[in-house]
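Structure assessment
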Amino acid sequence: MHKDTADVVNFLLTNHIELIREPLNGELSQIYCLFDAKDLTEESFIAIMHEIREVAKGAFVLETNPISGEEAIRFVDTVILNELYHLLKNKKRVRQKEETRSVNKADKFNRLIEYKESNFLYRIQHILDRKTQACMLASERARFVYPTTPIVPRCDRQDHRALLAQCVIIVNNKIVSLKWSNFITNGDDFIHCVQNKIHFVPNIKPKTDVSLGDCSYLDTCHKMHSCRYVHYLPYIPQALEIKYKKQLSEQNEIRAINPAICLYTRGECCTNLSRYVTPPQWIQCDVRKFDLQSLGKFSAVIADPAWNIHMNLPYGTCNDTELLNLPLEILQDEGVLLLWVTGRAIELGKESLQKWGYRVTNEISWVKTNQLGRTIVTGRTGHWLNHSKEHLLVGLKGDPTWINRNVDVDLIVAPTRETSHKPDDLYGIVERLVGLHSRKLEIFGRTHNLRPGWLTIGNQLDGVHLVDPEIKRKIVC
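Everything in this summary refers to the structure shown in the same document. (Residues numbered from 1 in each chain as written. Predicted model: local features only at pLDDT ≥ 70, side-chain atom pairs only at ≥ 80, totals over all residues. Heavy atoms only, no water.)

1. Some words on the overall build of the protein chain
When you go through the protein chain residue by residue, the secondary structure sums to 15 helices and 15 strands. Going through the 477 residues of the protein chain one by one, you find that 40% of them count as buried. By sequence separation, contacts in the protein chain at least 24 residues apart represent 72% of the contacts at least 6 residues apart. Put simply, the protein chain shows about 27100 Å² of open surface, and 53% of that area lies on carbon and sulfur atoms. (Helix = DSSP H or I, 4+ residues; strand = E, 2+ residues; numbered from the N terminus. Buried < 20%, exposed > 50% of the residue type's maximum accessible area, 1.4 Å probe, protein only. Contact = heavy atoms within 4.5 Å. Areas by Shrake-Rupley, 256 points an atom, 1.4 Å probe, with all protein chains shown as cover.)

Take a look at the structure:
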């Protein structure tokens, strides 16, 4: 055996725990950097390691690292190595003393950085980029616990739209029936497509000028009764609706059982065993004058202020000073606040979040699509360019370790609806972020914002409906 074999065995015995952990991960080239031997080359060191493995079967397991392609130690049996070491040193079995050779942690990092052929910085970056077990658990919980919504495929073929327009009967802007005599003569390909996809049928009226093309606003057009552009009506066969609803209900029934799995309660800010999802709650009020302190603390807050964008709007707006002076800082000790902002108010929104004690950690973009699934190119807002997206600033307060990170993305692609009706996808993002059973508040909400598990306040709601006894007591008093 090599003269340094005993020293190598002793080095492995003393430092085996640190050697197989990150950032070394047991790679022989990295271990060689830490083994202080003046006359021993890396090739000789690796040869000694292979010799030890052959002589002392089961002393350690060598595998090839899939990232670097290098050999790495995955397991060390200290009992076998200890036997080998004492045989090499011709000593009796005694417990190894703590004075045996060890390597200082600072020296380990210094030697790795100084080693020219080491990919140490790459390995550190790989460790930082890798998802934690908590993130992977949160992603799995989102896949198997939260309910899903159906995504029905859509047909975009113009020839199918033209054919279907000849087969439907439209009354008062609704498709009431099909002309079966026309429908069954259009070929199997067309019939199969109609039975399995959503189609948009041109709604041609006497005033419609087909040469003008599609209306830019489509189903959100405010002047549909007099608009001369082409509009569309969706056609979804009843059998197709039943099929997707049945599939969806079966999936969601299974998902409704999964929250009882104890593993899925890890990382939640509260357990679903002690809290249930409350029905929708709301308070009609002027947010500028309402006592927000009476509502208590929340894990997540959504605010959709009526920013003054200097355009004619079908609702009242607030000036910048009024919004900036709202005491939203009292709603959370730690948590997340999501603030909808217009293009003009992005910087003002960031300033407001900082004033309330939040740091802006992210920004979600809502890319608006129209009825046909196309990106909107003619919006109703924007002084210089048409706005086809909206911005949602994400502010974080404190250090909420219970937040489920890296589950969703910062992009929502969803159709527009009536004025100020934001996409429902946002609620799912927030619920996965802070937990379905946590307390959540929406400020400046409207009737279409009411949802189970949420408290909504705003001046466009209808009266007061509360379930939480603590809030009830404070509001009544």
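2. So, empty space enclosed by the protein
One pass over the structure, following the stated rule, counts 2 cavities of 30 Å³ or more. If you add up the space inside the largest cavity, you get close to 40 Å³. In terms of lining residues, the largest cavity is bounded by Ala303, Pro305, Trp307, Leu323, Leu326, Leu328, Leu339, Ser352, Trp356 and Phe444. In the lining of the largest cavity, the residues fall into 9 nonpolar, 1 polar and no charged. Space inside the second largest cavity adds up to approximately 30 Å³. Looking at the lining of the second largest cavity residue by residue, the class counts come to 3 nonpolar, 3 polar and 2 charged. (1 Å grid on protein atoms, 1.4 Å probe; cavity = no way out; pocket = protein on both sides within 12 Å on 5 of 7 lines; lining within 4 Å. Points joined across faces, edges and corners; volume = space filled by probe spheres on them. Nonpolar A, V, L, I, M, F, W, Y, C, P; charged D, E, K, R; others polar.)

3. A look at the nonpolar core
Judged by nonpolar contacts, the single largest core of 32 residues is most densely connected at Ile283, Leu295, Leu441, Ile443 and Ile457. Of all the elements in the fold, those that place two or more residues in this core are strand E8 (300–303), strand E9 (335–341), helix H13 (346–355), strand E13 (440–443) and strand E14 (454–458). Excluding anything up to four places from it in sequence, Leu441 contacts Leu295, Phe298, Ala300, Val301, Ile302, Leu331, Trp454, Leu455 and Ile457. The next biggest cluster of nonpolar side chains, apart from the first, holds 26 residues, and it includes Val9, Phe11, Leu12 and Leu19. (Core = buried A, V, L, I, M, F, W, Y, C linked by side-chain atoms within 4.5 Å.)

4. A word on the pairing of strand E4 (residues 174–178)
As paired elements, strand E3 (residues 168–171) and E4 share 4 bridges and run antiparallel to each other. Bridge assignment links Val171 to a residue of E4, and that residue is Lys174. Where E3 hands over to E4, the hairpin turn is made up of 2 residues, of which Asn172 adopts a positive phi near 55 degrees. (Pairing = 2+ DSSP bridges.)

5. A closer look at the pattern of salt bridges
Considering all chains together, one arrives at 18 salt bridges under this definition. With a closest N to O distance of 3.1 Å, Arg288 and Glu322 form a salt bridge. With Arg288 in the loop between strand E7 (281–284) and E8 and Glu322 in helix H12 (residues 320–324), the pair connects residues that are 34 residues apart, well separated along the chain. With relative accessibility at 29%, the residue Glu322 sits in the partly exposed group. (Salt bridge = Lys/Arg side-chain N within 4 Å of Asp/Glu carboxyl O.)

6. Overview of the layout of surface pockets
Of the voids in this model, the largest pocket is the one considered here, and its volume is about 1900 Å³. In terms of lining residues, the largest pocket is bounded by 49 residues, among which Thr149, Pro150, Ile151, Asp424 and Asp425 are the most central. Broken down by secondary-structure element, the contributors of at least two residues to the lining of the largest pocket are helix H7 (133–144), helix H11 (238–257), strand E12 (411–415) and helix H14 (425–434). Ranked by residues supplied to the lining of the largest pocket, first place goes to H11 with 8 residues. Across the lining of the largest pocket, the residue classes tally to 24 nonpolar, 11 polar and 14 charged.

7. Looking at unusual backbone geometry
With a phi angle near 55 degrees, Asn172 is a residue other than glycine that sits in the positive phi range. Judged by relative accessible area, Asn172 falls into the exposed class, the value being 70%. One non-glycine residue, Asn406, lies in the positive phi region at around 60 degrees. Its location among the elements puts Asn406 in the loop between strand E11 (389–397) and E12.

8. Concerning the environment of Asp304
Structurally, the position occupied by Asp304 is in the loop between E8 and H12. When its relative accessible area of 10% is taken as the criterion, Asp304 is described as buried. Along the primary structure Asp304 and Leu338 are separated by 34 residues, whereas in three dimensions their C-alpha atoms are 8.6 Å apart. Setting aside residues no more than four positions away along its own chain, Asp304 makes contact with Trp340, Ser420, Lys422, Ile443, Phe444 and Arg446. A polar atom in the side chain of Asp304 sits 3.0 Å from the side chain of Lys422. (Polar contact = N/O pair within 3.5 Å; in protein donor to acceptor, adjacent residues only side chain to side chain.)

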